[in-house]
Amino acid sequence: MAITILIFDYKKAEQNFFKKNKLDDYDIHFFEESLNENTVNNLPDKLLEETTVISVYLTSEINDNVLKKFPNLMVLSTRSAGYEHINIQECCNKRI
């Protein structure tokens, strides 16, 4: 079973890396927009259910309303030096 990864607000070089290096054990989805309450509501339920890893940039807003949409989320990665856009306490509460 593949690990489902969602990558938000990506750069072309990041997408090219994953396309060039075939990672058969991963089901990777790229989104041009940032992750927030609006964009999470537009994701299909099946994708929300299957996602275990999310990668975001500092333009995303990760709060409790976003986190509760991903029942199986295990890893949240930010591709930025800061992490003020992520509710760390809620991540800890959900063991992310």
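Quick note: structure is the one above.
Bear in mind the structure is a predicted one, so any value in this text is a computation, not a measurement.

Draft legend 1. Region of interest: the pattern of salt bridges. Scanning the model with the defined rule gives three salt bridges in all. Across the pair E50 and K46 runs a salt bridge whose closest N-O atoms are separated by 2.5 Å. Of this pair, E50 and K46 both sit in helix α3 (residues 45–50), four residues apart, which is roughly one turn of that helix. Given a relative accessible area of 57%, K46 falls into the exposed group. The partner of D64 in a salt bridge is K94, with the nearest N and O atoms 3.2 Å apart. With D64 in helix α4 (residues 64–67) and K94 in the segment after α5 (88–93), the pair connects residues that are 30 residues apart, well separated along the chain. Residue classification places K94 among the partly exposed residues on the basis of a relative accessible area of 32%. Residues joined in a network through salt bridges with shared partners are D64, E90 and K94.

Draft legend 2. Quick peek at the state of the cysteines. The final tally for this structure, using the stated rule, is zero disulfides. We note that C91 lacks a disulfide partner, and the nearest cysteine sulfur, in C92, lies 6.9 Å from it. C91 sits in the buried class, given a relative accessible area of 6%. The exposure class assigned to C92 is partly exposed, which follows from its relative accessible area of 48%.

Draft legend 3. Here's a closer look at the packing of aromatic side chains. Inspection of the entire model under this criterion finds two aromatic pairs. Aromatic pair Y10 and F30: ring centres 5.2 Å apart, planes at 70°, arrangement edge-to-face. Of this pair, Y10 sits in the loop between β1 (3–8) and α1 (12–20) while F30 sits in strand β2 (residues 26–31), and the two are 20 residues apart along the sequence. K11 extends its terminal NZ or CZ atom over the ring of Y57, reaching a point 4.5 Å from the ring centre.

How each quantity is defined
- Residues numbered from 1 in each chain as written.
- Predicted model: local features only at pLDDT ≥ 70, side-chain atom pairs only at ≥ 80, totals over all residues.
- Heavy atoms only, no water.
- Salt bridge = Lys/Arg side-chain N within 4 Å of Asp/Glu carboxyl O.
- Helix = DSSP H or I, 4+ residues; strand = E, 2+ residues; numbered from the N terminus.
- Buried < 20%, exposed > 50% of the residue type's maximum accessible area, 1.4 Å probe, protein only.
- Disulfide = S-S within 2.5 Å.
- Phe/Tyr/Trp six-rings, centres within 6.5 Å; stacked < 30°, edge-to-face > 60°.
- Lys NZ or Arg CZ within 6 Å of the ring centre and 35° of its normal.

Take it as geometry only, folks, not as evidence of what the structure does.
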